[in-house]
Every structure is written in structure tokens, then in C-alpha cells.
Amino acid sequence: MLSFLFLLFLSSNFQAVVSGHCTTTTATKTYQKCMTLPSQQASIAWTFHPHNATLDLVFFGTFISPSGWVAWGINPTSQEMTGTRALIAFPDPNSGQLVILPYTLDPTVKLQQGPLLSRPLDIHLLSSSATLYGGRMATIRNGATIQIFATLKLVPNKTKIHYVWNRGLYVQGYSPTIHPTTNNDLSSTATIDVLSGVSTAKHDNIIILKYAHGIMNAISWGVLLPIGAVTARYLRHIQSLGPTWFYMHAGIQLSAFFLGTIGFAIGIRLGELSPGKVYGLHRKLGFATFCLGSLQTLALLFRPKTTNKFRKYWKSYHHFVGYSCVVLGVVNVFQGFEVMGEDRSYAKLGYCLCLSTLIGICIAMEVNAWVIFCRKAKEEKLKREGIVVMSEKGSGTSRHG
């Protein structure tokens, strides 16, 4: 079951990588090189002229709303949104026709301190235009493909360009609103050497860490921890197992905690590598789950003997913290799928199947436990009634004598 979940994670990641394609040809021009960009099914094609450091390019993107926007730009200094000089295309609020305007994404845009206003760019942009794929008959709709053309004069001997792109749902007047904040939308940057065509992906190691973080935490907090709880609840009453159930329970829970600790540490590292990306709910749930798991592990060191008068209080604490940790862990796994943009993936489907199977087993064992309990209660009742009857017969015989 765990290997199945692991393979689903890998397959969904592989599908995301290979789903895009690129082309060097448009209706009006042919370019020398092209490259598929790492998110949003976007791609870029270009021709670089070394003799005069001129770059002709076209960016291929898609709309996610009929009233939305698509942006492509260059950041002269770093591979991030802040500081990007962008060309943003959207339907004109008055005529409905496609327009493209220049914008500079300064820090106030990220902080949403005011509307994004168009202004001239301070880079050598020689020309720019935009057109919808399909010609004049094409309309702006969800999924419509747009081509943004640009010709730039680059700094001599500087061929590595930081590209930034994105898309949004709405435009207020001529001010594009904030874009979605899924993992796919926050990973829309790449550095490409336009001379060699080599991409130096800043986020490659981050993507690897994200999937390692997701896989480890889904298996530990989302699968192993509930299995350990089920083991303790339903196997402890099987007398033939003896103390074996306890060693199984402790072994599974400790394995889950150690694996989850590694996943938690990777999550902390991801936060350090992505200072501009904050997943508040996922982060808080992760810290809460890890703290409860730590308390549960430390509780083993202070486990009273069965004859100790504080044993019942320890058991109540152990049960409450343990079940709370399981619930928070499972909830945060689903939150993690949403953060990683895998909320409709086969990986999530596989996890739901694993969890459903475990819940089904719990229901079956709970019903079986209640049947056994009721049967024993009935037998004990019959025994008590039998003892009462026998005692009454004995006392009646003695009085008669």
C-alpha cells in the first residue's frame, strides 16, 4: 500500500514534467530555439543575434479566465517576481479587444499596497505585441492560448536571462489583480542562456525536496500513525498475542515519528529556501502535529506501571494526544496535496483509497469488538442469573430441612 502511494507521487510528478511542449514556429515567424517552461504549460521560442545582442522571442501562455490576464517578463537582477519588467495581456475593459501593456513589479505589488499601474519599462524593449492563437476568430476564454512577442536589446556579453511569467483571473480597469498562489503559480521563473539554450533551474532542488517532504509526511503522519493507533485499539484485547501488540504499536509509531521528523525538517528547509511563499494553515498544522507527536514519544519515558495510581491519568493523556495527532496529521496531508497543486491528482486518489481501506478495517473491527462485548456481557448475565438461581435453590432446601 505504501509503495503504491509512493509510485503515484512519482508518476504525478513525471506527468507534470512531460506534459508541456514547445514549438519554434508561429503564423508570422520562425525562431531558432524553443523551450518548455516548468509551469502552467507555458513555453518560449527565441532567436538571438550575437552581433548586435538583439533577442527576438515569443512567449506561449494560456488564460484561466475570460476576464483574466497573462504576463511574461524579465527580471534584470534575480529569478523572482519582485523587480520584474513585465508585459501583461488582457481584454480591454472598454472594447474587449486584446491589449498588452508594460508594468514594473516593485515590492509594493507583492505586499498589495496599491493597484498595479502601467508605466514605461527601463529596459531596451524595441517592440512588443500579443495575439491569440487561432487568429482573428479566436476569443479570450478559459484555456485560450496567447502569444506575446517581444524584441529586446540585451546588455553585451550577458546572455543569461531571468524569465518570469504568470496568469490571473481578473483585471480591475487596467490593473491586473493578484494571481493564484498554488505551487504551480509560485514556480513560474526560469533562467535561460539564450546563446546556448541551457536552462539553469533554481527550483530543481526545491521541487525534489517538496516531493520528498510530501511523500515522507503522507506515509508517516497520514498512514503509519493511523495504523499504529488501530493496532493498539484492536489488537490489545487479543489475549493470544500477549505483549506482542504493544511492541507492534510502539514500533509502528516510532517509525512514523522518525520518518515524520525527517519530513518536518525538510519542510523547515523548504521554508528557508522559499522566503516569499507562506502556507500559513499547512505550516501551523505541521508544527502542531509534530509537537503532539513529540509529546507522545516522550510519554513512553514516563509510562507508569499498571499498579501505579496515576496510570489511568496517563492513559487518558496518551489517548487524547495520540488521537489528536492522528486527526491533525491526516488533515494536514490533505492540506499538503492542495499546497503542492496535487488536489486532483492520482496521488491524492491513492491516498484516499489507502485511508478508506483503513477506515473500513476500523469499522469492521469495531463492529466485531462490539459483538464480542455484547456476547460476553450476555454470557456474564446468564452466569449471574444461574448463580442466583442456584443460591436460591440451595437456601430453599436448607429451610425445608
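Up top is the structure.
Residues numbered from 1 in each chain as written. Predicted model: local features only at pLDDT ≥ 70, side-chain atom pairs only at ≥ 80, totals over all residues. Heavy atoms only, no water.

(A) Representation of unusual backbone geometry within the structure. Residues other than glycine seldom take positive phi values, yet Gln-40 does so here, at roughly 65°. Among the secondary structure elements, Gln-40 is positioned in the loop between strand E1 (33-36) and strand E2 (43-49). Of note, the phi angle at Gln-41 is positive, near 55°, even though the residue is not glycine. Along the chain, Gln-41 turns up in the loop between E1 and E2. (Helix = DSSP H or I, 4+ residues; strand = E, 2+ residues; numbered from the N terminus.)

(B) Layout of the sheet that holds strand E7 (residues 125-132). The sheet built from five strands is open, its strands ordered E1-E2-E3-E8-E7 with antiparallel pairing. Of all the strands in the sheet, the pair left with one neighbour each is E1 and E7. The mean angle between the axes of side-by-side strands here comes to 15°, regardless of whether they run parallel or antiparallel. Alignment of E7 against strand E8 (residues 145-153), held across seven bridges, turns out to be antiparallel. Across the sheet, Ala-130 pairs through a bridge with Ile-148, a residue of E8. (Pairing = 2+ DSSP bridges. Axes fitted to C-alpha atoms, helices over the stretch in contact; angles between N-to-C directions.)

(C) Region of the structure containing the nonpolar core. Counting 31 residues, the largest nonpolar core has Ile-44, Trp-46, Leu-55, Leu-57, Trp-72 and Tyr-163 as its most contacted members. Listed by contribution, the elements that provide at least two residues to this core are E2, strand E3 (54-62), strand E4 (69-75), strand E5 (84-91), E8, strand E9 (160-168) and strand E12 (189-193). Ranked by residue count, the leading element in this core is E8, at four residues. In this structure, Leu-224, Leu-225, Ala-229 and Phe-264 belong to the second largest nonpolar core, which totals 15 residues. (Core = buried A, V, L, I, M, F, W, Y, C linked by side-chain atoms within 4.5 Å. Buried < 20%, exposed > 50% of the residue type's maximum accessible area, 1.4 Å probe, protein only.)

(D) Representation of the environment of His-318. Turning to its location among the elements, His-318 is positioned in helix H6 (residues 311-339). In this structure, the C-alpha to C-alpha distance between His-318 and Thr-297, residues 21 residues apart in sequence, is 9.8 Å. When near neighbours in sequence (up to four residues on either side) are disregarded, His-318 contacts His-249 and Gln-296. (Contact = heavy atoms within 4.5 Å.)

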